[in-house]
Amino acid sequence: MHDMKFRTLRLYSAGALAMFIALSSSIAIAKGTVRVDQHDGSVQRYAGSVIRVVGDTIRVFSPDNRDTLIISHAACSYIGEIQRCLPYRIAFRRNGTDHPIGFDHGSVYLNLSAAAQSLPRSSTELPPNGVLVFVRTARGTSIAVHGTIDKVTP
Amino acid sequence: MRRFVCAACIALTIASTTAAYAQPRGGGGRTAPAQRPAPAQRSAPAQRPAPAPAPARAAMPATPQMPVASRTGGFQLNRDLAPAPQRMAPPQRTAPPQRTAAPQPVAAVQQRGRPNGTQIAVRNNPPRQMPGNIATRRRINNPSFHGSAWGWNRGVTWNAAPTYWGGGFWGALAFSAAAALFGELMSSGQTYESYAVYPDSPGATLLANYQLMQTPCGPPDLVVIWGPEGSLICAIPNDIVGTGEYDVDPSTLTLVSE
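Everything in this summary refers to the structure shown in the same document. Since the structure is predicted, the reported quantities are computational estimates derived from the model, not experimental observations.

1. Focus: the overall build of chain B
Across its full length, chain B holds eight helices and 10 strands. A burial count over chain B gives 23% of its 258 residues as buried. Look at the contacts in chain B between residues 6 or more apart in sequence, and 60% of them connect residues 24 or more apart.

Structure below.
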């Protein structure tokens, strides 16, 4: 009897743990992290940024949904299942106003396939709907974004 | 017995977790020697502020970088939003004055130019005189791809990105970068610089499809390929593509002879 109870308790514990892991993973799935390396060496990290693909643009929302980084205009080509884009225009939207940001160079990797894909010549894998962005502005600010796409809208 | 096994498992798990947490911090391991009693005959070193470096090192990150501040608010990009001073103008895409107007001395036309591998600031080539006789142009169909326009790119239109050499067709070589020169071509008193093609770029796909191998521009009897945005690269001729000058049609990834 006691052994039965113990087994049931163990089962419940395992179930609760699995549910917790599943829940925490699903929360993390549609989010991204933005890292901004300033010219002066200071670094800011923003966890919980939402990444969306709207038309031909990638939009990265700040965690408080106040700002949006819009990456538009890029030369895109496929490397296997990974789409690599060389962006050349980015804008920063705050309070509904778009501010163009001087652009230097960058790369965007998108995996819109259903399976995880390795980045070219790298051991790094992009999960399904994964996105990886590296952008350097004309003023020397580096912006790195990684996460998964929350929504794709035409 | 089963209880004992369970208790042992839990104890082991806790122990291993604690060890795992202690390791990345590095503090525990490093402070341990400082707490070790110094031998009696070496009392002087013991008085040294030896323990100090360990905690100090433990508190500091592994690399001398500024701390990463986690933020929850808006993006800190104020510096990039401020009005741009004049020097922040977009990368210069026009040819420098000495390469546009000034006529090149005869000796300069004869010389081979700078040695390959010379690091130079990447810039656009000067505008090129297009070949006059369009009627004689011949398209060499891509041996590996016979699809419709942009079919090679899964139907996605490839647009030249103006901040990269060749619009990014040959790879992510930004104009802000310095790159190793991969030959240069002198034609009509103008110098046209060439750089190495990046793997996995549309240009690399083009070369692979035609089984061409890039070679530094300069020597005669090469395949000279004029890419988007005034870029050019050279390749060794083969059975599919003979010596001569070619343009690229990015929509079908084909070479068109001049």
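2. Focus on the sheet that holds strand S4 (residues 178–187) of chain B
Residue and element names in this part refer to chain B. Pairing is antiparallel across the open sheet formed by three strands, whose spatial order is S2-S4-S5. Looking along the sheet, the strands with just one partner apiece sit at the ends: strand S2 (119–121) and strand S5 (190–195). Strand-to-strand twist of the sheet, defined as the mean angle between neighbouring strand axes without regard to direction, takes the value 60°. As paired elements, S2 and S4 share three bridges and run antiparallel to each other. Paired with Ile120 across the two strands is Ala179, which belongs to S4.

3. Structural notes on the sheet that holds strand S6 (residues 214–215) of chain B
Strand-to-strand pairing in sheets goes through backbone hydrogen bonds, with the strands running parallel or antiparallel. Strand order in the open sheet formed by six strands is S3-S10-S9-S7-S8-S6 (chain B), with mixed pairing between adjacent strands. Edge positions in the open sheet fall to strand S3 (139–140) and S6 of chain B, since each of these has one partner strand only.

4. Some points on the interface of chain B and chain A
The extent of an interface is frequently quoted as the accessible surface area lost upon association of the parts. Listed per partner, the contact involves 33 residues of chain B and 39 residues of chain A. Broken down by element, the side of chain B that touches chain A gets its largest block of residues, four residues, from strand S1 (residues 68–71) of chain B. Of the pairings in the sheet, the one linking strand S2 (residues 43–54) of chain A to S1(B) comprises four bridges and is parallel in character. Paired with Arg45(A) across the two strands is Ser70(B), which belongs to S1(B).

5. Notes on the pairing of S2(A)
Residues and elements named next belong to chain A. Two elements, strand S1 (residues 32–37) and S2, share six bridges in a ladder whose sense is antiparallel. In the sheet register, Thr33 faces S2, and the bridge partner there is Ala47. With antiparallel pairing between neighbouring strands as the criterion, S1 and S2 make up a hairpin whose turn holds five residues, including Gly41 at a positive phi of roughly 100°. Here S2 hands over to strand S3 (residues 57–61) after two residues, with Gly55 in that stretch at a positive phi of 60°. Pairing of S2 with strand S11 (residues 142–153), which is carried by four bridges, proceeds in the parallel orientation. Counterpart to Val53 in the pairing with S11 is Val152.

6. Quick notes on the nonpolar core
Core analysis: the largest hydrophobic core is formed by 66 residues, its most contacted members being Leu86(A), Val131(A), Val223(B), Ile225(B) and Ala235(B). Residue contributions to this core peak at six residues, all from strand S5 (residues 82–94) of chain A. Not counting the four nearest positions on each side in its chain, Ala235(B) is found in contact with Leu207(B), Leu212(B), Met213(B), Gln214(B), Thr215(B), Leu222(B), Val223(B) and Ile225(B).

7. Things to note about helix H8 (residues 202–209) of chain B
Within the sequence span of H8(B), burial applies to Pro202(B), Gly203(B), Thr205(B), Leu206(B) and Leu207(B). Taken together, the buried residues of H8(B) touch strand S4 (67–79) of chain A together with S6, strand S8 (232–235) and strand S9 (244–249) of chain B.

8. Some words on the environment of Ala144(A)
Residues and elements named next belong to chain A. By secondary structure assignment, the location of Ala144 is in strand S11. Sequence separation between Ala144 and Thr33 is 111 residues, and the spatial gap between their C-alpha atoms is 8.1 Å. Dropping the residues within four chain positions of it, Ala144 is found in contact with Arg35, Val133 and Phe134.

9. As for unusual backbone geometry
Trans is the prevailing form of peptide bonds, just as negative phi is the prevailing case for residues other than glycine. Residue and element names in this part refer to chain B. Positioned with a positive phi, Gln211 is a non-glycine residue whose angle comes to about 55°. Residue placement: Gln211 occurs in the loop between H8 and S6. Phi at Leu253 is positive, roughly 55°, even though this residue is not glycine. Structurally, the position occupied by Leu253 is in the loop between S9 and strand S10 (254–257). Judged by the 23 C-beta atoms lying within 10 Å of it, Leu253 is buried.

The rules behind each value
- Residues numbered from 1 in each chain as written.
- Chains lettered and ligands numbered in written order.
- Predicted model: local features only at pLDDT ≥ 70, side-chain atom pairs only at ≥ 80, totals over all residues.
- Helix = DSSP H or I, 4+ residues; strand = E, 2+ residues; numbered from the N terminus.
- Buried ≥ 20, exposed ≤ 12 C-beta atoms within 10 Å, placed from the backbone.
- Contact = placed C-beta atoms within 7 Å.
- Pairing = 2+ DSSP bridges.
- Axes fitted to C-alpha atoms, helices over the stretch in contact; angles between N-to-C directions.
- Core = buried A, V, L, I, M, F, W, Y, C linked by C-beta atoms within 7 Å.

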